[in-house]
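Spelled out, the chains give:
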Amino acid sequence: MKITAISIFPEYFAATKLSLIGKAIDSKLIEFAPIDLREFTHDNHKTVDDTPYGGGAGMVMKPEPWGEAIDSSLNRHDGIVDLIILTPAGRTFNQELANKFAQRENLIFACGRYEGIDARVADFYRGHQRVRLHEISIGNYVLNGGEVAALVMIEAITRLIPGVIGNPDSLLEESHNEIGEVEYPVYTKPAEWRGLQVPEVLKSGNHGEISNWRRSEAKRRSNSLRESE
Ligand code: 6GU
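What you are looking at is a predicted structure, and each value in this text was computed from that prediction instead of being measured.

Engineer: Explanation requested: the site of the ligand in the structure shown.
Structural biologist: In the vicinity of the ligand, the residues found are Leu86, Thr87, Pro88, Ile136, Ser137, Ile138, Gly139, Tyr141, Leu143, Gly145 and Ala149. One of the backbone nitrogen or oxygen atoms of Ile138 is found 2.9 Å away from a nitrogen atom of the ligand. Measuring from a nitrogen atom of the ligand, one finds a backbone N or O atom of Leu143 at 3.0 Å. Look at the ligand: alone it shows 290 Å² of surface, and the protein chains cover 96% of it. With respect to the detected pockets, the ligand is housed in the largest pocket. Going through the elements one at a time, β5 (81-92) and β7 (131-137) are the ones with two or more residues in the shell around the ligand.

Engineer: Sorry, what's going on with the environment of Met1 here?
Structural biologist: With respect to the helices and strands, Met1 occurs in the segment before β1 (2-7). A C-alpha to C-alpha distance of 15 Å links Met1 and Leu151, two positions 150 residues apart in sequence. In contact with Met1, not counting residues within four places along its chain, are Leu29, Ile30, Glu31, Phe101, Ala102, Arg104, Glu105, Leu107, Ile157 and Ile161.

Engineer: It is not clear to me how the packing of aromatic side chains should be interpreted in this structure. Could you clarify?
Structural biologist: The description of an aromatic ring pair rests on the distance of the ring centres and on the angle between the ring planes. For the structure on display, the rule yields three aromatic pairs. Where Phe9 meets Tyr12, the ring centres are 6.3 Å apart and the plane angle is 65°; that geometry is what we call edge-to-face. Judged by relative accessible area, Phe9 falls into the partly exposed class, the value being 36%. We classify Tyr12 as partly exposed; its relative accessible area is 34%. With a centroid separation of 4.8 Å and 80° between ring planes, the pair formed by Phe124 and Tyr125 is classed as edge-to-face. Across the ring face of Phe101, the terminal group of Lys100 is positioned such that the distance to the ring centre comes to 5.5 Å.

Rules used throughout
- Residues numbered from 1 in each chain as written.
- Predicted model: local features only at pLDDT ≥ 70, side-chain atom pairs only at ≥ 80, totals over all residues.
- Heavy atoms only, no water.
- Near = heavy atom within 4 Å.
- Polar contact = N/O pair within 3.5 Å; in protein donor to acceptor, adjacent residues only side chain to side chain.
- Areas by Shrake-Rupley, 256 points an atom, 1.4 Å probe, with all protein chains shown as cover.
- 1 Å grid on protein atoms, 1.4 Å probe; cavity = no way out; pocket = protein on both sides within 12 Å on 5 of 7 lines; lining within 4 Å.
- Sits in = over half its atoms within 2 Å of the grid points.
- Helix = DSSP H or I, 4+ residues; strand = E, 2+ residues; numbered from the N terminus.
- Contact = heavy atoms within 4.5 Å.
- Phe/Tyr/Trp six-rings, centres within 6.5 Å; stacked < 30°, edge-to-face > 60°.
- Buried < 20%, exposed > 50% of the residue type's maximum accessible area, 1.4 Å probe, protein only.
- Lys NZ or Arg CZ within 6 Å of the ring centre and 35° of its normal.

Written out as structure tokens, the structure is:
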């Protein structure tokens, strides 16, 4: 999978060098390039924003640098590209979308700042031959920009690529699968810690009872999480 992330703060993406994503990059399972939006400006101040037409608070990101940065990024990729514009007004990211994007070859993340990117950028690329456009949010809260949201998506997506995580069994057993059921509680040694015991059933060696117990605990947990919303 080839990933490009366009941002005025490409340094955010240094985090991709760590841990499993970093290893996947080293082993060429993933190719990742952070792109500095300001490289696609042509004025001395490297201006990326301006005041909104119609008035109002804040600044809007200018379309020209975005158009040039996205066109240049498209040239790094072959064939169809999923262009993901990060915006709090987008569709909420979830595991189902992570699974879908994990099957794609080419992802470009466009990380907006300020009050967002001039709307014509999305309109233009929605009609582009090589682009599938997505406007995505990671949840109902406001961040200063799309960089952290892109990192969240990159981690959720890349860990689903075969070979990226060490033990693929954990993908099967996992917390937030499509069903939205949260995983069972886990324990390790010691058997007693600060007066708290590991549940007897887990030490019983009875695999049937263990898996029944885990299923019922998982159900209990996901019910009580939903009630606390
Ligand atoms: Cl993608 N961007 C911003 N600025 N805020 C967000 C978000 C994205 N997702 C949730 N909040």
